[in-house]
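The residues making up each chain are set out below.
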Amino acid sequence: MSREVCVHTWPCSYYLELDKRWVPGKLSLTSCSLKFAGDEAQETLVSFPLSGITAIKKEASHFVFSSITVLEKDNRKHWFSSLQPSRNAAFSVIEHFWRELLLSQPEAPLPATKGKELTGLMACSQKRLEDTARVLHHQGEQLDSITRGLDKMESDLDVADRLLTELESPSWWPFSSKLWKMPSETKLKGDASTASPKALGKEGVVVRIPAVVSQRTASHVKPGSLTVLVSGLEIHDSSSALMHRFEREDVDDIKVHTPYEISIRQRFIGKPDIAYHLISARMPEAIPVLEVQFSKKMEVLGDALTPSSTKTSSPAEKGCSMWHTASGLMDRAVHHEPCPGSQDGQPLQLQTTQPFISEGDAQELRQMLLQLLRGKQFGC
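In the nomenclature of an unreviewed UniProt entry, the protein chain is known as Synaptosomal-associated protein 47 of Felis catus. Check the Sequence similarities (unreviewed entry) section of the UniProt entry for the protein chain; it says "Belongs to the SVAP1 family."

Shown next, in the form of structure tokens:
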């Protein structure tokens, strides 16, 4: 088991009900739990999972100090006060992760089989290929638009050359009227090509996730959402009003602080930069898409990746291993062959009595592999 990644930490005070006193320390949030460690003993005084929380509220202790109260399922109440940089910032982030965890919990979890796991792996790979194809299609449209622009510039240069020839020619030159009509004809042709619907492209949403957004200071945060488009990025507030839109060429750098926290910046000369800080429980869904669109502008800081994924192979290696693993497992499941390294005798009997993957799962995996192979051939 790998250690949980710390999403954020806030200096604060915790009220010890047994001692009737406030203890200074740090409140730490992970993707699944909330814990408090004191400054003096450097030990965890309280820790509980987010799934065990029934309510999170803003309250005032002794009617003066602003606090956050967390109520567990056993009616145990925890008080956290003197939160820095502000109570609202900590409350927004904690509530966001708590709500996303509640929404992501399945109603009736079923035991997963190897066939279902491989089917889910294939579905994720298919969705990733579709997202990548959508991005590449938009980039192809941009290249087509650039090519048309270069053609128009070349046409304009030809017209300019003809006009210069006209100006340098004598007044009795017989082709003056034809030359002066060329610019208007070329302009109409260029406008028609620019206004064609294919040149404009189609705006497509690749992924949209809820997030906690801050712009300049960490103390002023608000709930919102991040939308990754094929042509850029959009940040909305909780009422779906557009806060800012980054075009692809406007983004100068994207820093990944943790798997759940990123910052986006656009630099300017002579005026302040435009920068947004986003924290989301579903940020791991958006980071791979951002890596596809902004591979040269992405920067991973420190231990931003989870311990299990810090030393991962390249996308090509992962895709190749996934293909071989899925194909090999399906062949063993259908023909009931023992896995490599197994001994003769008892393992063979287990394979024959209980198949590794059912026939239905194997058939479904074969169909998904064929679809992915067809899409790969068409893409080539």
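This brings us to the side chain of Ser81. As for its position among the elements, Ser81 is in strand β7 (residues 77–81). For Ser81, a relative accessible area of 4% gives the class buried. For Ser81, the side chain forms a polar contact with the main-chain oxygen of Ser66, separated by 3.1 Å. Polar side-chain contacts of Ser81 include one of 3.4 Å to the side chain of Ser67.

Before going further, it helps to examine unusual backbone geometry. Of note, the amide linkage connecting Gln84 to Pro85 takes the cis form, showing an omega dihedral of 10°. For Pro85, the position within the fold is in the loop between β7 and α1 (87–104). A positive phi angle is found at Lys20, which is not glycine, with a value near 55°. One can find Lys20 in the loop between β1 (6–16) and β2 (21–30).

To continue, consider the confidence of the model for the protein chain. Confidence in the prediction for the protein chain averages 75 pLDDT; 69% of positions are at 70 or higher. This model gives residues 177–202 a pLDDT under 50, and the stretch forms 23 contacts once residues within four places in sequence are excluded. Segment residues 306–354 is flagged for pLDDT under 50; beyond a separation of four residues in sequence, or across chains, it makes 41 contacts in the model.

When β1 meets β2, the two strands line up antiparallel, connected through 10 bridges. Bridge pairing in β2 places Pro11 opposite Lys26. Connecting the antiparallel pair β1 and β2 is a turn made up of 4 residues, with Lys20 showing a positive phi of about 55°. In this structure, the hairpin formed by β2 and strand β3 (residues 33–38) is closed by a connection of 2 residues.

Tracing the backbone shows Val46 in strand β4 (residues 44–49). Exposure remark for Val46: the relative accessible area of 5% places this residue in the buried category. Measuring from C-alpha to C-alpha, the distance between Val46 and Phe36 comes to 5.4 Å, with 10 residues separating the pair along the chain. Residue contacts for Val46: discarding those within four places in its chain leaves Tyr14, Leu34, Lys35, Phe36 and His78.

Here the focus is the nonpolar core. Counting residues in each nonpolar core, the largest one holds 30 residues, and the members touching the most others are Trp10, Leu27, Leu29, Leu34, Phe80 and Phe97. When contributions to this core are tallied by element, the ones reaching two or more residues are β1, β2, β3, β4, β5 (53–61), β6 (65–72) and α1. Here this core gets 7 residues from one element, more than from any other, and that element is α1. The residues touching Phe97, leaving out its near neighbours within four places in the chain, are Val7, Leu29, Ser31, Leu50, Tyr260, Ile279, Ser280 and Ala281. Residues Ala211, Val213, Ile262 and Met283 belong to the second largest nonpolar core, which totals 26 residues.

Let us now look at the sheet that holds strand β8 (residues 205–214). Either a parallel or an antiparallel arrangement is found when strands of a sheet pair, and the pairing is made through backbone hydrogen bonds. Pairing in this open sheet of 8 strands is mixed, and the strands run β11-β10-β9-β8-β14-β13-β12-β15 from one edge to the other. Each edge of the sheet is formed by a strand with only one pairing partner; in this case those strands are β11 (242–247) and β15 (298–300). Sheet twist, expressed as the average angle between the axes of neighbouring strands with direction ignored, equals 30°. Sheet topology places strand β9 (residues 221–229) next to strand β10 (residues 232–237); 5 bridges connect them, and they run antiparallel. When the sheet's bridge partners are listed, Leu226 is paired in β10 with Ile235.

Criteria and cut-off values
Every chain is numbered on its own, with residues counted from 1 as its sequence reads. Reporting in this predicted model follows two pLDDT cut-offs: at least 70 for local features of residues, and 80 or more for side-chain atom pairs to be given and counted; totals over whole chains, interfaces and linings ignore these cut-offs and use all residues. For side-chain calculations, the full set of non-hydrogen atoms in the structure is used, while hydrogens and water are omitted. UniProt positions are given in the numbering used here, feature names are shortened, and annotations may be inferred rather than shown by experiment. Helix and strand labels come from DSSP, where a helix needs a run of H or I of at least four residues and a strand needs a run of E of at least two; each type is numbered from the N terminus. When accessible area is computed with a 1.4 Å probe and restricted to protein chains, residues below 20% of their type maximum are described as buried, those above 50% as exposed, and intermediate ones as partly exposed. In the analysis that follows, any N or O atom pair within 3.5 Å is treated as a polar contact, provided that within protein one partner can donate a hydrogen and the other can accept it, and provided that, for residues neighboring in sequence, both atoms belong to side chains. How sure the predictor is of each residue is captured by pLDDT, a score from 0 to 100. By definition in these notes, contact holds between two residues if any of their heavy atoms fall within 4.5 Å. Any two strands are treated as partners once DSSP identifies two or more bridges connecting them. We define a nonpolar core as any set of buried Ala, Val, Leu, Ile, Met, Phe, Trp, Tyr and Cys residues linked to one another through side-chain atoms lying within 4.5 Å. Here an axis means a line fitted to C-alpha atoms, over the contact stretch when the element is a helix, while the angle between two N-to-C directions is reported on a 0 to 180 degree scale.

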